[in-house]
Amino acid sequence: MNDKTLFEPYTLGSLTLSNRIVMAPLTRNRAGEGFIPSEFAAIYYSQRASAGLLISEATQISQQGQGYQDTPGIYTQAQIEGWRTVTEAVHAKGGRIFLQLWHVGRVSHVDLQENGAAPVAPSALQAATKVYVNNSFADVSAPRALEIEELPGIVNDFRRAATNAIAAGFDGVEIHGANGYLLDQFLKDGSNIRTDAYGGSVENRARLLLEVTAAVVDEIGANRTGIRISPVSPANGVSSSDPQQQFDYVVDQLDAFDLVYLHVVEGATGGPRDVAPFDFGSLRHRFKNTYIANNGYDVNLAASRLNDDKADLIAFGRPFIGNPDLVERLKSDASLAAFDPTTLYGGGAAGYIDYPTLAESSSAQG
Ligand code: 8OZ
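Counting restarts for each chain, with residues numbered from 1 along the sequence as it is written. Side-chain atom pairs in this predicted model are given and counted only at pLDDT of 80 or more, local residue features only at pLDDT of at least 70, and totals for whole chains, interfaces and linings cover all residues. The basis for every side-chain value is the complete set of non-hydrogen atoms in the structure, without hydrogens or water.

Colleague: What is the right way to look at the overall build of the chain in this model?
Modeller: Scanning the chain for helices and strands turns up 11 helices and 14 strands. Projected onto its principal axes, the C-alpha coordinates of the chain cover approximately 65 × 45 × 35 Å. Classification of the 366 residues of the chain by burial places 57% in the buried group. Between two residues, a contact is recorded if the distance between any of their heavy atoms is within 4.5 Å. Within the chain, counting contacts between residues at least 6 apart in sequence, those at least 24 apart form 73% of the total. All accessible areas in this document rest on Shrake-Rupley with a 1.4 Å probe, and a residue is counted as covered only by the protein chains that are shown. Split by element, the accessible area of the chain, about 13,500 Å² in all, is 50% carbon and sulfur. A run of H or I in DSSP becomes a helix once it reaches four residues, and a run of E becomes a strand once it reaches two; helices and strands are each numbered from the N terminus. To sort residues, take the accessible area from a 1.4 Å probe on protein chains only and compare it with the maximum for the residue type: under 20% means buried, over 50% means exposed, and anything in between is partly exposed.

Colleague: Would you mind showing me how to read empty space enclosed by the protein here?
Modeller: Any empty space left between the atoms is revealed when a probe the size of a water molecule rolls over them. Cavities and pockets are defined on a 1 Å grid built over the protein atoms alone: a cavity is a set of grid points where a 1.4 Å probe fits but cannot escape, while a pocket is an open set with protein on both sides within 12 Å along at least five of seven lines, and lining residues are those with an atom within 4 Å of any such point. Grid points are joined across faces, edges and corners, and a volume is the space filled by probe spheres set on the points. A complete count under the given rule lists one cavity of 30 Å³ or more for this structure. In this structure, the largest cavity is lined by Arg-30, Ala-31, Pro-37, Ser-38, Ala-41, Glu-57, Pro-72, Trp-83 and Tyr-352. Amino acids are sorted into nonpolar (Ala, Val, Leu, Ile, Met, Phe, Trp, Tyr, Cys and Pro), charged (Asp, Glu, Lys and Arg) and polar (every other residue, Gly among them). Taken together, the residues that form the lining of the largest cavity break down as six nonpolar, one polar and two charged.

Colleague: Looking at this structure, I do not really get unusual backbone geometry. What am I missing?
Modeller: Across residues other than glycine, the phi torsion is negative in most instances, and most of the peptide bonds are trans. Phi is positive for Asn-115, which is not a glycine, with a value near 55°. Tracing the backbone through its elements, the reader meets Asn-115 in the loop between β5 (97–102) and β6 (120–121). For Asn-236, which is not glycine, the phi torsion reads 60° and is therefore positive. Judged by its relative accessible area of 14%, Asn-236 is buried.

Colleague: Please clarify how the pairing of strand β4 (residues 53–60) should be interpreted in this entry.
Modeller: Residues in a regular strand point their side chains to alternate faces of the sheet. Across the eight residues of β4, eight count as buried, placing the element largely inside the fold. DSSP bridges decide pairing: two strands pair if at least two such bridges lie between them. Direction of pairing for strand β3 (residues 21–23) relative to β4: parallel, over a ladder of two bridges. Directly across from Met-23, in β4, lies its bridge partner Leu-54. In this sheet, β5 lies alongside β4 in parallel orientation, the contact comprising five bridges.

Colleague: Just to check I follow, could you spell out helix α5 (residues 202–220) for this structure?
Modeller: Counting along an α-helix, one turn takes 3.6 residues, and residues three or four places apart therefore face a common direction. When the terminal C-alpha atoms of α5 are compared, their 27 Å separation across 19 residues agrees well with the 27 Å that a helix rising 1.5 Å per residue should span. Axes are fitted to the seven residues ending at a residue and to the seven starting at it; the angle between these axes is taken as the bend at that residue. At Leu-208, α5 shows its largest kink, close to 40°. The first or second residue beyond α5 is Gly-221, which carries a positive phi of 95°. Multiplying one less than the number of residues by 1.5 Å gives the expected span of a helix.

Colleague: Please clarify how the site of the ligand should be interpreted in this entry.
Modeller: Lining the immediate environment of the ligand, one finds Thr-27, Ala-58, Tyr-68, Trp-102, His-176, Asn-179, Tyr-181 and Tyr-345. Nitrogen and oxygen atoms within 3.5 Å of one another constitute a polar contact, given that in protein one can donate a hydrogen and the other can accept it, and given that sequence-neighbouring residues count only through two side-chain atoms. A distance of 2.8 Å separates an oxygen atom of the ligand from a polar atom in the side chain of His-176. Asn-179 places a polar side-chain atom, nitrogen or oxygen, 2.8 Å from an oxygen atom of the ligand. Within the complex, 78% of the 300 Å² of free accessible area of the ligand lies under protein. The rule for placing a molecule in a cavity or pocket is simple: more than half of its atoms must lie within 2 Å of the grid points. Under a 2 Å grid-point criterion requiring more than half of the atoms, the pocket assigned to the ligand is the largest pocket. Of the residues contributing to the shell around the ligand, the split by class is five nonpolar, three polar and no charged. We call a residue near a given molecule or strand whenever any one of its heavy atoms falls within 4 Å of it.

Colleague: Help me out: how do you make sense of the packing of aromatic side chains in this one?
Modeller: Each aromatic ring pair is characterised by the separation of its centres together with the angle its planes make. By convention, a stacked pair of Phe, Tyr or Trp rings (six-membered ring in the case of Trp) has centres within 6.5 Å and planes under 30 degrees apart, an edge-to-face pair has planes over 60 apart, and any other such pair is tilted. The full count for this structure, using the stated rule, is 12 aromatic pairs. For the ring pair Phe-98 and Tyr-261, a centre distance of 5.5 Å and an interplane angle of 35° mean the geometry is tilted. Note that Phe-98 is positioned in strand β5 and Tyr-261 in strand β12 (residues 261–265), a separation of 163 residues in sequence. An identical accessibility class is assigned to Phe-98 and Tyr-261; each is buried. Centre to centre, the rings of Tyr-132 and Tyr-345 are 6.4 Å apart; their planes meet at 40°, and the pair counts as tilted. Remark: Tyr-345 occurs in the loop between α10 (326–331) and α11 (358–365) and Tyr-132 occurs in strand β7 (residues 130–133); sequence separation between them is 213 residues. Exposure remark for Tyr-132: the relative accessible area of 12% places this residue in the buried category. An aromatic cluster is present here, built from Tyr-44, Tyr-45, Trp-83, Phe-170 and Tyr-352 joined pairwise through their rings.

Colleague: I would appreciate a short explanation of the layout of surface pockets in the present structure.
Modeller: For the largest pocket, the calculated volume is near 850 Å³. Surrounding the largest pocket, 34 residues form its lining, Pro-25, Leu-26, Asn-179, Thr-269 and Tyr-345 being those nearest its centre. At the level of secondary structure, the elements contributing two or more residues to the lining of the largest pocket comprise β5, β7, β14 (313–316) and α9 (319–322). When grouped by side-chain class, the residues that make up the lining of the largest pocket number 18 nonpolar, 12 polar and four charged. Looking at the second largest pocket, its volume works out to about 180 Å³.

Okay, here's the thing in structure tokens:
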């Protein structure tokens with residue numbers, strides 16, 4: 001069953017999106033020397049520009065914020081110029097694209113850090129997770145706890161990255177507050193056992209994320225600032241004893257900033273939606289602007305959540321890898337192509353820009 005509301009234009013802040021389908025951020029590990037987006041990135045993103053909104057792969061705001069090999073950055077002039085080829089190609093096709101701003105915190109490895117330094121975290125607690133580095137998956141390195149004096153520098157890195165994103169031609173930015181990375185590590189008490197103003201209470205654990213949000217909003221405006229959260233996801237070894245309380249508070253505060261959207265990973269990232277009890281409707285009601293729902297959606301669930309007013313936009317992630325024309329396929333009830341897991345992370349054009357559209361694959365067969 002199709003529902004036309006998924007395929008109707010939608011007004012997001014000052015932008016008109018051609019439909020309510022969002023391409024979720026997808027890490028592909030294909031950046032080149034200097035962590036500049038690959039020469040194929042402009043093709044990859046523009047092939048998918050029929051989505052109402054594209055969100056870029058997670059993009060580190062500093063070298064310290066990098067946790068995996070060959071992910072792109074947004075902290076050098078060359079990176080800005082590399083990203084500009086992407087935004088121009090997407091805009092030429094009538095698409096819209098936000099950049100996801102990322103600091104991995106403790107989910108990193110000494111081989112990716114300046115002078116082999118330890119990755120940084122709210123507390124010196126090592127995550128039970130792996131990163132892709134030196135062409136294979138490795139345990140993360142033991143982190144050190146950030147000094148309180150270092151936090152303004154991290155806020156400033158997000159601020160500068162937001163400015164850089166606009167200079168690169170992005171329509172806005174998404175703050176990565178999800179999936180067990182730095183800001184989520186601060187929010188959740190399994191990874192944050194600080195006893196200063198950034199740990200302990202719900203308010204203290206939210207402080208860094210809200211300071212980052214304030215800085216980005218100050219820099220580029222709330223109508224170009226979105227955020228992604230994953231309240232109950234155990235991704236990258238995080239856990240929380242009070243997710244409802246924590247995220248009800250966070251979303252009230254985010255609403256007060258008038259952010260253009262709230263993007264919510266409902267459940268375990270890339271896994272079950274019902275991983276833990278949580279009332280996502282509470283977040284939806286607390287936030288007056290656009291609510292983007294993500295995680296395990298198919299066209300039927302998307303239509304029903306839109307019809308029930310549980311979401312405004314639906315973000316699809318992995319289906320976009322093998323289906324550049326996902327919007328058209330969902331619209332016409334066509335079958336979806338699987339992606340090749342061996343070319344998901346790293347490599348070049350293969351498994352990146354060579355997935356055919358439906359029209360291309362049927363003409364190849366005919
Ligand atoms: C998959 C592999 C590496 C990173 C996330 C940025 O989960 C990621 C990511 C996903 O948000």
